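If you want the building blocks of each chain, they are given just below.
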Amino acid sequence: MAGLGLGDGGSLGRCSHAVVRSLSESLCQHALRREKGKEVDFARAEREHQLYVGVLKSKLGLQVLELPADESLPDCVFVEDVAVVCEETALITRPGAPSRRKEVDAMKRALESLNLNIVEMTDENATLDGGDVLFTGREFFVGLSKRTNQRGAEILADTFKDYAVSTVPVYDSLHLKSFCSMAGPNLIAIGSTEAAQKALKTMQQMSDHRYDKLTVPDDAAANCVYLNIPGKGHVLLHRAPEEYPESAKVFEKLKDHMLIPIANTEMEKVDGLLTCCSVLINKTSEL
């Protein structure tokens, strides 16, 4: 499924717009979760989410489209899973969990309002969650998980033909980005578990390019949000020291980045991490 590797990684993190969605109160009782755990404190979850959205909007100056919550869709705050956007093209996915399929409708309308080229995944044999898609600026890695299958990866490759697409088996986690993400151009943040390290090895073997790695002790903390904002440079939203102190120390070594710690304690109870709550878009043409 390799395409032409045209990307040089230089555009990674460039961003003008973000799409986010408010939390449904139904998240607390009905959001999907891999294992039953602690109860979500809704008021705290809402505060954490508002701080996250506030950073994107006020601190970083992005144009943020805030979609309203839908109580019939408890997972709708996790917008990353329903769209993959690269340059001016948006792939509307077919989420692996049937209960999440209707989440795509509001996202499609939002992305249409930004005049993106919309591609819809209509093949009923395909599933793809955006949480399984790691774009490095040069190529895509797609996790094959309980939520994303080979057909979904093939449709992504057909949609973004300018980039190589490689698949990575995901065994013990919900998504590929449950234990990795881009922390900068050419820099993959990766967790320390055996499963995370094995996936990284697969990615390294699949790629013609040599990436640097930033290994953090906690898999969940390896999910961070890298942005390259004019006038601000390299920006990294990462998990707060009070949640993952040892991992935060690793991020603090990134001296060239503006580091913004963000707490995500409540969302993590229902498998939500930092990248899950936004779809980032770089509009280069006029709206």
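Residues numbered from 1 in each chain as written. Predicted model: local features only at pLDDT ≥ 70, side-chain atom pairs only at ≥ 80, totals over all residues. Heavy atoms only, no water.

A word on empty space enclosed by the protein. Under the counting rule described, the total for this entry stands at three cavities of 30 Å³ or more. Taken as a whole, the largest cavity spans an internal volume of roughly 100 Å³. Every residue lining the largest cavity is listed: Leu32, Asp75, Phe78, Asp81, Arg100, Arg147, Leu174, His175, Val270, Asp271, Gly272 and Cys276. Broken down by class, the residue content of the lining of the largest cavity amounts to five nonpolar, two polar and five charged. Approximately 60 Å³ is the volume found for the second largest cavity. Every residue along the wall of the second largest cavity is listed here: Glu48, His49, Tyr52, Ile262, Ala263, Asn264, Met267, Leu273, Leu274 and Cys277. Considering each element in turn, the lining of the second largest cavity owes the most residues, three residues, to helix α2 (residues 42–59). (1 Å grid on protein atoms, 1.4 Å probe; cavity = no way out; pocket = protein on both sides within 12 Å on 5 of 7 lines; lining within 4 Å. Points joined across faces, edges and corners; volume = space filled by probe spheres on them. Nonpolar A, V, L, I, M, F, W, Y, C, P; charged D, E, K, R; others polar. Helix = DSSP H or I, 4+ residues; strand = E, 2+ residues; numbered from the N terminus.)

Here the largest pocket is characterised by a volume of approximately 750 Å³. Elements supplying a minimum of two residues to the lining of the largest pocket: β3 (83–86), β6 (133–135), β9 (180–184), β12 (225–229) and β15 (279–281). If one sorts the elements of the lining of the largest pocket by residue count, β3 sits on top with four residues. Here the lining of the largest pocket is built from residues that sort into 18 nonpolar, eight polar and four charged.

Moving on: the UniProt feature "binding site: substrate" (unreviewed entry) in the chain. Here, the residues flagged by UniProt with the feature "binding site: substrate" (unreviewed entry) are Leu32, Asp75, Glu80, Asp81, Arg100, Arg147 and Val270. Lining the largest cavity, from the residues named above, are Leu32, Asp75, Asp81, Arg100, Arg147 and Val270. Its place among the elements puts Arg100 in the loop between β4 (89–92) and α3 (104–113). Ignoring anything within four residues of it in the chain, the contact list for Arg100 reads Leu32, Asp75, Phe78, Asp81, Pro95, Asp129 and Arg147. Of the polar contacts made by the side chain of Arg100, one reaches the side chain of Asp81; its length is 2.7 Å. As for its placement among the helices and strands, Val270 is situated in the loop between α7 (265–268) and β15. Classification of Val270 by relative accessible area gives buried; the value is 3%. Aside from chain neighbours lying at most four places away, what touches Val270 is Leu27, Ala31, Leu32, Arg33, Val40 and Phe78. (UniProt positions renumbered as here; feature names shortened; annotations may be inferred. Contact = heavy atoms within 4.5 Å. Polar contact = N/O pair within 3.5 Å; in protein donor to acceptor, adjacent residues only side chain to side chain. Buried < 20%, exposed > 50% of the residue type's maximum accessible area, 1.4 Å probe, protein only.)

Taken as a whole and judged by the stated rule, the model has 16 salt bridges. Of the charged contacts in the structure, one is a salt bridge between Arg239 and Glu268, with a shortest N-O distance of 2.6 Å. With Arg239 in strand β13 (residues 233–239) and Glu268 in helix α7, this residue pair connects regions lying 29 residues apart in the sequence. According to the relative accessible area criterion, Arg239 is buried, its value standing at 1%. By relative accessible area, Glu268 is classed as partly exposed at 25%. Residue Lys269 is joined to Glu266 by a salt bridge in which the shortest nitrogen-to-oxygen separation is 2.8 Å. Looking at Lys269, the relative accessible area reads 21%, which means it is partly exposed. In the salt-bridge network here, residues are joined through shared partners; they are Arg44, Glu48, Glu266 and Lys269. (Salt bridge = Lys/Arg side-chain N within 4 Å of Asp/Glu carboxyl O.)

This brings us to α3. If you check which residues of α3 are buried, you get Val104, Ala106, Met107, Ala110 and Leu111. Projected down its long axis, α3 carries its buried residues within an arc of 160 degrees, all on one side. Backbone geometry just after α3 places Asn115 at a positive phi near 60 degrees. (Arc of directions from axis to C-beta.)

What follows is about the UniProt feature "active site" (unreviewed entry) in the chain. The UniProt entry lists His175 and Cys276 under the feature "active site" (unreviewed entry), expressed in the numbering used here. For the residues just named, distributed over 102 residues, the greatest C-alpha separation is only 10.5 Å, placing them together at one site. Of the residues named above, His175 and Cys276 line the largest cavity. With respect to the element layout, His175 can be found in the loop between β8 (164–169) and β9. For His175, a relative accessible area of 5% gives the class buried. Leave out the neighbours within four places in its chain, and His175 touches Asp81, Asp129, Gly131, Asp132, Arg147 and Val170. By secondary structure assignment, the location of Cys276 is in the loop between α7 and β15. The class for Cys276 is buried, based on a relative accessible area of 7%.

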